[in-house]
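# Structure assessment
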Amino acid sequence: MVAKVIKIILSPILALIVGVFFLGLARKIMARIHWRYGPPLIQPVIDMIKLFYQKSVSHGRMFDLGIILSLAGSIVVVLFLPFGRICPLSSSGGLLVILYMMLLAPLGTALSGGQGANPNISIGISRKLILSLGYEVPLLLVLLAVMTHYKTISIMEVVSVQQSTSWSIISFPLFLSGLSYFLILPAILGIRPFDVSSAPQEVSSGIMAEYGGKYLALATIEHAFVLFISTALFVNLFLGGAANPVIFFVKMLVVFVLGLCINAVFPRFRIEQAIKYLWKWPTLLAFLGLIITLAIRS
Amino acid sequence: MSLELLLIIAFGGALLTYLVGKVSYKGRNFLAVAISLALVAFVACLYGKTGEETFYYGFLGFNLVLRLNMLSWFFAITIAVVGALSIIFSLSYIRGKEKTDFYFLMMLLVNAAMLGIVLAGDLISFYIFWEIMSWSAFLLISYNRGPALAAGMKYIIMSIIGSVCFLVGMLSLYVSFDTLNISQIAPVITSASSGYILFILTVFGIAFGIKNAVLPFHTWLPDAHSEAPAPFSAVLSGILIKMGTYGFLLVLYVIVGLKLFLGLGRGLFSFHSMLCLLGAVTIIIPTFIAMLQTDAKRLLAWSTVGQAGYIILGIAFGTNLALVGGIFHFFNHALFKALLFFAVGAVEFRTQTRDLDSLGGLAKKMPVVFIGTLVGICALIGVPLTSGFVSKWLIYKTLILEGSPFLAFFALAGTWGTILYSYKLIHNVFLGQLPEKHKTVEKAPFSMQLPVVVLSVAILLFGILPGIPLKVINAISTSFGFESLNVGLWGITSETGALNTVNIFAAVLVAAALVWLVFHLAAKSVSVPQEDSYAAGAHIPKDKYHYTAEFYNPLHRMIKPFLRDVINEFYYWIASCVRRLSDSVRHVYTGDVGHYVIYIILFLAFLIFVQVKWKPW
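Description of the structure in this document. (Residues numbered from 1 in each chain as written. Chains lettered and ligands numbered in written order. Predicted model: local features only at pLDDT ≥ 70, side-chain atom pairs only at ≥ 80, totals over all residues.)

### Points about the interface of chain A and chain B
Under the convention used in this document: This entry defines residue contacts through backbone-placed C-beta atoms, with two residues in contact when those atoms are within 7 Å. Secondary structure is summarised from DSSP: a helix means a run of H or I of at least four residues, a strand means a run of E of at least two, and numbering begins at the N terminus for each. Classes in brief: Ala, Val, Leu, Ile, Met, Phe, Trp, Tyr, Cys and Pro nonpolar; Asp, Glu, Lys and Arg charged; the others, Gly included, polar. When DSSP finds two or more bridges between two strands, those strands count as paired.
Taken residue by residue, the interface counts 66 residues in chain A and 60 residues in chain B. Elements with a minimum of two residues in the side of chain A that touches chain B: α2 (43-53), β1 (56-58), α3 (61-80), α4 (94-115), α5 (119-150), α9 (213-238), α11 (271-278) and α12 (281-297) of chain A. In terms of residues, the side of chain A that touches chain B owes the most to one element, α5 of chain A, which gives 14 residues. Classifying every residue of the side of chain A that touches chain B by side-chain character gives 38 nonpolar, 20 polar and eight charged. Examined bridge by bridge, β1 of chain A and strand β6 (residues 525-527) of chain B share three bridges and lie parallel to one another. Its bridge partner being in β6 of chain B, V57 of chain A is matched across the sheet by V526 of chain B.

Right, here's the structure in full:
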């Protein structure tokens, strides 16, 4: 019981540290690719502390509650995701619950932004939701392939089976799904070339347009959690999870940096181009993966 | 005896309300509410009872039977509750309109007829109540006149086609088995050939599919739902189309039985997989169409078609979890769709419009309705902690574990589409900027807020404690011959993975409290008016906030060419062919007696000519 409580407290904190580290790392790596020096690694932390002390504007009750709901949703998803061996709530509902809890964050942001009553926010949300519809199609096919292959909806079982046999990324039908997930990872993370919803030059940072002070800080923390969740999900489903948090972190780091380096050199897609891309190659791969998985199973 | 009394109260109350309305409208309102609440109490008292009673001997040689079991009780209580709430909602909605007595009569009559349908123990009385329901629904749909007349006409024509199919099936059953009592048909139908069962399932499938708006029989629904008065839209979407669901359950599980139904045909070409496929298509296509709607009620109407797909998919898939999920989703859909129609109705009542492109910012003006809508769309999407999540979880889980990932994909992808249109609904009505012309909007009257609050509380309650309805549904599925599920108050435990809503609830609560604390401790924020927003140095003039119009424009451009309602066009083509045919027939049947005399003489002349020439007689 005590161990469980400690795990419940520990896992969001670890996730936050990893997520914020990724934020800093992303800026640094991008800067080096652009031939700049870049800010120090802890710059996001400095920014956040500063933001919490700054005055901000609020547009109403939903504006506040939405951002709270969004962050709370992300924290809860972390509780359902195994991080190495740390997984306090994995047994209550499995992957389907994770999939659904991942909804709370964008929904909360959208509700909060909606009350912001700013045209740029509306465009940002509209783009964000369309983009999420875009990447959910291949993502669902990928997750279904994994669940069909291992005949379970529990993410813990997916991890433990992989640890006793081999990683799914190198097993036959599932490497197609893994590849597909990797291709859509930047869209899930909302980084280039898929940063349409928060494009600073086009829509004044979109959803973030009205955020300042603590709102911006919470939104940044939320983004950090999203970085953690999408990468951790990939590691759990395709790289066999890990026996301890350190190895798990190393795997996440490899996935994240690879994704970042590949996508840092692309210019931003337009939303239609993004959808066309997402519904073409990643969907095709994921579809193939699911069909072959199904054929092998029966 | 008690079932007869229930129906006498329901039907007699409807007529009495009409008569009282001629004397005083206050008395009528009171009576209508009292009767609908009495029905709720009455049905609630019948919980757990089973029985069959004959209420009319020798109707055309048949005995008419009423029957109560867990299945009919569950449907009856849903009908009674949603019906009562819609009556309460009507009180202020209908005030000042024409023919209000007639309106209340029809509302109560529809509810009574639906109670009759679920309590009917033989197909004759089922058919009688079915027709009463169809016709009173027609009168209510066309209550607003204008375009509502056309919508009502479309509805009643399709409804009649369904009724004819039902009649054919019923007569065929009578000819084969010499009885129309449901509990007597069930044991003897096992001896029938599989071809005959397929025929029975197909005719009843068309009859109930039309009512349940399964693709390709859905075309009446968007028009009818959007044109009907708002309280009746809630009834229509929440429970009336679910009579089709009840019919499917009755035919598939009670009359034909699970084994026979699953054994029809093989692999992909079995009746069962075809029905599942139909359910999946019904989920996905209407969901995408709903995204493109600009009329709030039309959007909800398309969403109803999509959600009905989940119910059909659950029922047709034929595993225990799927059936429980399907029935639970029927119940949830009745709650949240009624709630959403009430909410949109309240907005329409106050602003006189339901055009999503011209509303906005009403959250501060109508807070209760806003919160109700929020709960409603969360349940519609299936966000955890609302009841919609549990039913969808059950359906997904069984689809995945039984090896039908593509059906699961349709269901899940439909959910993501649902997010898009339900966010559009809440954003365009309640969020964004408040237009100048709606600055003076008042909050909804109490009789409109009450149903919204009641339904919101119910959705959250059954989302956190899904065990309450699941216990009843579990009893239904065991009566169909399934094993009992291990249902607790907090969810379902089984060997293939548990669902524990209390864990999720506690986690969300604690996380939200934590974030709220951080939020509260940080520097305070200042509240600003809506015009004071950041526009990168540019000035946004008042009432120029048009970004809610064509909210999903990029997606719209991409998918619009693929989303023609071909089926609707096909029906209209048939209708126009029939009209042309009738027109050409009218050249012959002119209505002029002189012409008819000429026809008769010509025909006689022809006969005489034949006789003279060939002498055949």
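### Let's talk about the nonpolar core
Residue and element names in this part refer to chain B. We apply this condition: Here, a nonpolar core denotes buried Ala, Val, Leu, Ile, Met, Phe, Trp, Tyr and Cys residues that are linked to one another through C-beta atoms within 7 Å. Any residue with 12 or fewer other C-beta atoms within 10 Å of its own C-beta is exposed, any with 20 or more is buried, and the rest are partly exposed; the C-beta atoms used are placed from the backbone.
Core analysis: the biggest nonpolar cluster contains 325 residues, and V110, M114, I117, L313 and A411 have the highest contact counts within it. For this core, the element with the most residues is helix α15 (residues 320-351), which contributes 20 residues. Setting aside anything within four residues of it in sequence, one finds M114 in contact with I79, M133, I239, L240 and M243.

### A closer look at the pairing of strand β2 (residues 62-68) of chain B
Residues and elements named next belong to chain B. Across the seven residues that make up β2, a large majority, five, are buried. Bridge count for strand β1 (residues 51-59) against β2 is six bridges, and the pairing is antiparallel. Each residue of the ladder has a partner; that of G51, found in β2, is L68. Counted along the chain from β1 to the antiparallel partner β2, the turn is two residues long, and its residue L60 has a positive phi close to 55°.

### Here's the deal with helix α6 (residues 147-177) of chain B
Residues and elements named next belong to chain B. Going by this rule: One less than the residue count of a helix, multiplied by 1.5 Å, gives the span that helix is expected to have.
Look at α6: 45 Å from first C-alpha to last across 31 residues, which is about the 45 Å you get at 1.5 Å a residue. Of all the residues in α6, the buried ones are A151, G152, K154, Y155, I156, M158, S159, G162, F166, G169, M170 and L173. Where the residues of α6 are buried, they touch α5 (123-141), α7 (182-188), α8 (194-212) and α9 (220-227). Positioned one or two residues after α6, D178 has a phi angle of 65°, which is positive.

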